[in-house]
Amino acid sequence: MALRRRWSYVALFSTLAMLGAACSGGSSKEASKKADNTQAASPAPNASSSTPSADPSAATPTTAAAAPGSPAATPSSPSTPAAGSSTPANKSAASNTPAGKQAASNTPAPGAKPGTAAAPTPHAPGPAGAVPSATPGKANYASDVGVSADTIRIGTINMTSATRSLGPALAGVQEQNLDAAVKYINRSGGVSGRKLQLVTCDDGGDIARGRACYEKLKDNVFALVPSLTWLTDVIHDRLPKDKVPWLSWGWFKSEYEDPWMFPCHANGMREASQVADWTAKVLKPATVGIMYLNVSEDIAAKDVATKQLKAAGIKVVETVAQEWDSPDESQHVLAMRTANPDFILSFSWPAPVAKFMHDASTQHWQPKLGFAANHLTGDPGYGPIFGEYIKDKTYTITSWGVPTDPSDTDNAEGGNTAEQQLLRDELIRTNGREYQGFKWRYAGYHHITQSGWVCTRILAKAAEQMGADLTRDGQKKVLESKAWDSGIGSTLYWNAADHNANQNYSYNREFIYKWISAKDGGWDLKRILPDPVFDCKSGNIPAAAKTICNS
Amino acid sequence: MVIGVTAAVFESAVIIGIFTGTIYAMMALGIVASFRINRVVNLGIPGLAVFGATVYFEMSNVWGAPVLVALLGGVAVGALFGAILGLCNLKMTAWPRGFVMIFTLTASLFLFGWSDKILPPIQVSPASPFGDSGGFKVALTYVSNHQIGTFITCILVTLLMGFVVSKTRIGIYVRAIYDDGDSAATLGIPLGYFVVGVWAVAGALAALAGILVSPRVTLDPYLILFVTIWALAGSILGGLESFGIAFVGSILVGLSQGILGGGIIHLGPGLENLGAIAVVAIAVFYAGVKRRDLAHIQT
């Protein structure tokens, strides 16, 4: 008995000792910190493979991310530059259209300079170090990760197989847009003698798979381009360490806080800020109701808009939090109906918004001045989902111009530009006539897929500036050195000191469209002027543009 | 908490809540039916609902079949897959109930995937069997023919199922199998036919629910899965055994959502479902304590 009790004491003290050691945690934390410091101080892990021909596999296009035995992440290379297409033989084909001619020769179109540097902006100071430039006559070599003498590999991670979560409808189309951009750039001569190669990885909308994709791609591609993946909200601990430039889709506000991310479209908060400002200055309602999806990004959007509306003396009389799985929105229609706002702003998801619209329609009720909804409501393919109700009463905000009917003369400088025509021509050339249907409308006019095209073009332009000595560090500096005109309405710039937010808004402007009835009785969009502009002094706003300046 | 609520607003919220509850009740009936024979919580119900609605959508919207034919087609396919699930249940008689329940969940996921393969990559909303237009105004809200039709169908099915279980020879056999399957078999009741038959009925009810629910909530597997979760909550009030109490429980869940979401009481974002969650909590507690009593309520 006494022996058993003694062993009990020994066990108790041992347990307490182990608990104490575990809880103190000092040593292990210190160790990890040291490890981090060491890592930070030493050259980047990929530096060795950036030396010319250090690793033949790194320069082999097919190896890229396609590690065997890893079903979680399945990279593929749809845009391997074929020998036949590596010459700019198709230049003539590209120049069949005025847009093709213009893009191939870099001649600015009236009011649009696709992919070329715009005028410097007062809010976009140059980078701390010197901006790299090409050394004339120097031969190409494997100057950094994912770069060889004749190829630059770029990567994208998309939720392509997430069947009910933007997968086939958007992520698959995103890859096709990127593919079209890469093929167009290669056909037009490539990037200073190198061809682009797109390496894709499907994360199925799963962050863990997304991380696996990233791990595979980071040592094989030079940079990442706009990708539909939730990963862009959680990978910020890795990008600065790995020094991987990522021209990202811009969905999350955290992307704007990452020095290695270059968001390529306005996120929800920015849209909310712009649309609230536009509503206050253009529509001038006395009262507003707000509905939003009950997730952090859209709650933040609601808060930004509420603050801005209050500052303009507009009362927010009702806020309704929607759930994406809401089976019925009648109760929210009732809530809005009871509050009776002049206008409703929506920062939500298409499904509950569509239900709200249908229920409001069956209740024969609408706010006096209508609705303004985020870009998701403005995707041209979505018209029928919202029904007849949305016509003539629903405004949407989007980051890029959207082509509309030729009779919409207001849209010439935003939507029906040469670059828009080029985008459409190249998508059809790459993907065939299926793009004439739903997918084409989505691919061409959805602002995330548009961002894919725009930012691949910008990446190529920036890389071209460095010539043979293409490096990730250099790419970052070049991207931050100036403003980039998309050619489809907006100009992007990423301040070297801070890519973030409201004082350094990476978009100079956005666009407002209104749902109307198409000539065939279907759904169409119409450009509504003036445009919302974050800061009239900060971008390449055409003098003739009608804008509302948000200071 | 109640702030200047007019009678019209309250009436509207109640009406909205009842019709939201009807959506849950339709889904709850299939859950109760399959549980009523062999005590397995059938998580295949949302899959059967989605697949039945998918067949209905394909037949009516894509092939152009008359609505009634498409309705029968969807329900028949639901019954067929329900019967297959019932047959699998028979083979798993010796398995722990929890494992069988997980098996039914995998069946749902399989049917979700299959439906995804068939449906276009956008959210679709099938035509209502009761017509897409028409209705009347009550207080501040508008009640559509579809909502009325669904409500009446739901009540009729609830009454019919309650009648069959409590008043017919089939019902007696079903109750006997539920109480003690082995003893029922020794009495000569054909256990296999009844399990497969009742699960087929559950499948048909699920498909009917999917067809009636999807014109309102859209034909999206995950949305219907969430509807099923609220339906499960409603049916728990009756210990998963009573069609009538499952109907009432589902209506209570809908009512709480209608009243809290209709702007009558502002609880803040995310808390709108608090009333529904309270109903669920009370139901679980009540059913747990009174389960023996409720087991003998045959509505």
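Residues numbered from 1 in each chain as written. Chains lettered and ligands numbered in written order. Predicted model: local features only at pLDDT ≥ 70, side-chain atom pairs only at ≥ 80, totals over all residues. Heavy atoms only, no water.

Glancing now at the overall build of chain B. When helices and strands are counted, chain B shows eleven helices and two strands. For chain B, the sequential pattern of α-helices and β-strands runs α-α-α-α-β-β-α-α-α-α-α-α-α. Counting only residues that meet the buried cut, chain B has 55% of its 299 residues in that class. Counted over contacts in chain B with a minimum sequence separation of 6, partners at least 24 positions apart contribute 77%. Summed over all atoms, the accessible surface of chain B reaches about 12,300 Å², with 73% contributed by carbon and sulfur. (Helix = DSSP H or I, 4+ residues; strand = E, 2+ residues; numbered from the N terminus. Buried < 20%, exposed > 50% of the residue type's maximum accessible area, 1.4 Å probe, protein only. Contact = heavy atoms within 4.5 Å. Areas by Shrake-Rupley, 256 points an atom, 1.4 Å probe, with all protein chains shown as cover.)

For chain A, the helix and strand inventory stands at 18 helices and 14 strands. For chain A, buried positions account for 57% of its 551 residues. Looking at chain A alone, contacts between residues at least 24 apart form 71% of all its contacts between residues at least 6 apart. A total of about 20,400 Å² of accessible surface is found on chain A, and carbon and sulfur atoms cover 57% of it.

All names here are of chain A. Taken as a whole and assessed by the stated rule, the structure comprises two disulfides over all chains. There is a disulfide in this structure between Cys-201 and Cys-213, and the S-S distance comes to 2.1 Å. Handedness here is read from the sign of the S-S torsion; for Cys-201 and Cys-213, about -75 degrees, the answer is left-handed. Linking Cys-201 in strand S2 (residues 195–202) with Cys-213 in helix H7 (residues 207–218), this pair joins segments that are twelve residues apart in sequence. Neither Cys-201 nor Cys-213 differs from the other in exposure class; each is buried. The disulfide bridge from Cys-264 ends at Cys-455, spanning 2.0 Å between sulfur atoms. Across the S-S bond linking Cys-264 and Cys-455, the dihedral sits near -110 degrees, which makes this disulfide left-handed. Linking Cys-264 in the loop between helix H8 (239–242) and helix H9 (268–283) with Cys-455 in helix H17 (residues 447–466), this pair joins segments that are 191 residues apart in sequence. Each member of the pair, Cys-264 together with Cys-455, is buried. (Disulfide = S-S within 2.5 Å.)

Turning next to the interface of chain B and chain A. Of the residues lining the interface, 36 residues belong to chain B; the matching set on chain A comes to 29 residues. Across the chain B to chain A interface the summed buried area is about 2,800 Å²; carbon plus sulfur atoms make up 59%. Across the chain B-chain A interface, the total number found is two salt bridges. A salt bridge links B:Arg216 to A:Asp328; the nearest nitrogen and oxygen atoms lie 2.7 Å apart. Where chain B meets chain A, there are four residue pairs in polar contact (both at pLDDT 80 or more). For the side of chain B that touches chain A, the leading source of residues is helix H1 (residues 7–38) of chain B, giving seven residues. Tallied by class, the residues present in the side of chain B that touches chain A amount to 19 nonpolar, twelve polar and five charged. (Buried area = accessible area lost by both parts, 1.4 Å probe. Salt bridge = Lys/Arg side-chain N within 4 Å of Asp/Glu carboxyl O. Polar contact = N/O pair within 3.5 Å; in protein donor to acceptor, adjacent residues only side chain to side chain. Nonpolar A, V, L, I, M, F, W, Y, C, P; charged D, E, K, R; others polar.)

Right, let's talk about the sheet that holds strand S4 (residues 287–293) of chain A for a bit. Strand-to-strand pairing in sheets goes through backbone hydrogen bonds, with the strands running parallel or antiparallel. All names here are of chain A. Across the sheet, which stays open at both edges, the seven strands sit in the order S5-S4-S6-S7-S8-S11-S12 with mixed pairing between neighbours. Each edge of the open sheet is held by one strand with a lone partner, namely strand S5 (315–322) and strand S12 (523–528). Across this sheet, the average inter-strand angle for adjacent strands is 25 degrees, counted without regard to direction. With three bridges connecting them, strand S6 (residues 343–347) and strand S7 (residues 371–373) associate as parallel partners. Within S7, the residue paired with Leu-345 across the bridge is Ala-372. (Pairing = 2+ DSSP bridges. Axes fitted to C-alpha atoms, helices over the stretch in contact; angles between N-to-C directions.)

Further remarks concern the side chain of A:Thr398. Along the chain, A:Thr398 turns up in strand S8 (residues 394–398). When sequence neighbours within four positions are dropped, the list of residues in contact with A:Thr398 reads A:Glu271, A:His375, A:His447, A:Glu510, A:Phe511 and A:Tyr513.

Looking now at the nonpolar core. Nonpolar side chains in soluble globular proteins generally cluster together in the buried interior. Ranked by size, the top nonpolar core spans 72 residues in total, and within it B:Tyr24, B:Met26, B:Met27, B:Ile37, B:Leu219, B:Ile224 and B:Phe243 carry the most contacts. Residues in contact with B:Met26, not counting those within four places in the same chain, are B:Thr150, B:Cys154, B:Leu208, B:Ala209, B:Leu212 and B:Val213. Grouped together as the second largest cluster of nonpolar side chains are 39 residues, A:Ala181, A:Phe222, A:Val225 and A:Leu459 included. (Core = buried A, V, L, I, M, F, W, Y, C linked by side-chain atoms within 4.5 Å.)

With that settled, consider the sheet that holds S2(A). Residue and element names in this part refer to chain A. Here we have three strands laid out as an open sheet, ordered S2-S1-S3, and parallel in their pairing. Strands at the two margins of the open sheet, each flanked by one partner only, are S2 and strand S3 (223–224). As judged from the two bridges shared by strand S1 (residues 151–158) and S3, these two strands associate in the parallel manner. The residue of S3 that forms the bridge with Gly-155 is Leu-224. Lying over the sheet, H7 contacts S1, S2 and S3, oriented at roughly 175 degrees with respect to S1. Helix-sheet contacts for H17 involve S1, S2 and S3, and the interaxial angle to S2 is about 135 degrees.

Moving on: the confidence of the model for chain B. On average, residues of chain B score 86 in pLDDT, and 91% of them reach the 70 mark or higher. Here residues 294–299 of chain B scores under 50 on pLDDT; set against residues more than four positions off or in separate chains, the count is 21 contacts. (pLDDT = per-residue confidence, 0-100.)

Right, let's talk about the packing of helix H3 (residues 67–91) of chain B against helix H4 (residues 97–118) of chain B for a bit. Residue and element names in this part refer to chain B. Between H3 and H4, the shortest axis-to-axis distance is 11 Å and the interhelical angle comes to 150 degrees. With respect to each other, H3 and H4 are oriented roughly antiparallel. Between H3 and H4 the crossing geometry is right-handed. Together, Phe-81, Leu-85, Cys-88 and Asn-89 of H3 and Val-100, Phe-103, Ala-107, Leu-111 and Trp-114 of H4 make up the contact between the two elements. Looking at the contact of H3 with H4 residue by residue, the classes come out as eight nonpolar, one polar and no charged. (Parallel < 35°, antiparallel > 145°, perpendicular 65-115°, else oblique. Left-handed = near helix turned anticlockwise from the far one by under 90°.)

The next point concerns helix H9 (residues 221–236) of chain B. Residue and element names in this part refer to chain B. In this model, H9 (16 residues) spans 22 Å end to end at C-alpha, consistent with the 22 Å of a helix rising 1.5 Å per residue. Within H9 the residues assigned to the buried category are Pro-221, Leu-223, Ile-224, Val-227, Thr-228, Trp-230, Ala-231, Ala-233, Gly-234 and Ser-235. The opening residue of H9 is Asp-220, an N-cap whose side-chain oxygen sits 2.9 Å from the backbone nitrogen of Tyr-222. (Expected span 1.5 Å × (residues − 1).)

With that settled, the discussion passes to the pattern of salt bridges. Residue and element names in this part refer to chain A. Taken as a whole and judged by the stated rule, the model has 21 salt bridges over all chains. As a salt-bridge pair, Asp-342 and Lys-368 come within 3.7 Å of each other at their nearest N and O atoms. Here Lys-368 lies in the loop between helix H12 (350–362) and S7 and Asp-342 lies in the loop between helix H11 (330–339) and S6, a separation of 26 residues in the sequence. Asp-342 gets classed as buried once you look at its relative accessible area, which sits at 13%. One salt bridge connects Lys-476 with Glu-480, and the closest N-O pair in it is separated by 3.0 Å. Taken together, the positions of Lys-476 and Glu-480, both in helix H18 (residues 472–481) and four residues apart, correspond to about one turn of that helix. Connected via shared salt-bridge partners are Glu-215, Lys-218, Asp-219, Arg-238 and Asp-242.

With that out of the way, let us pick up helix H10 (residues 296–311) of chain A. All names here are of chain A. The end-to-end C-alpha separation of H10 is 23 Å, in line with the 22 Å expected for 16 residues at 1.5 Å each. Of the residues making up H10, those classed as buried are Glu-297, Asp-298, Ala-300, Ala-301, Lys-302, Val-304, Ala-305, Thr-306, Gln-308 and Leu-309. The inward-facing, buried residues of H10 contact H9, S4, S5 and S6. Just beyond H10, the residue with positive phi is Gly-313, at close to 80 degrees.

What follows covers the packing of aromatic side chains. Counted by the stated rule, this structure contains 21 aromatic pairs over all chains. On the basis of an interplanar angle of 70 degrees and a centroid distance of 6.1 Å, the ring pair of A:Trp230 and A:Trp251 is categorised as edge-to-face. With A:Trp230 in the loop between S3 and H8 and A:Trp251 in the loop between H8 and H9, this residue pair connects regions lying 21 residues apart in the sequence. For the cation-ring pair, B:Arg36 lies above B:Tyr178, with the distance from its terminal atom to the ring centre recorded as 4.6 Å. Across from the ring centre of B:Tyr178, 4.0 Å away, lies the NZ or CZ of B:Arg39, which sits over that ring. (Phe/Tyr/Trp six-rings, centres within 6.5 Å; stacked < 30°, edge-to-face > 60°. Lys NZ or Arg CZ within 6 Å of the ring centre and 35° of its normal.)

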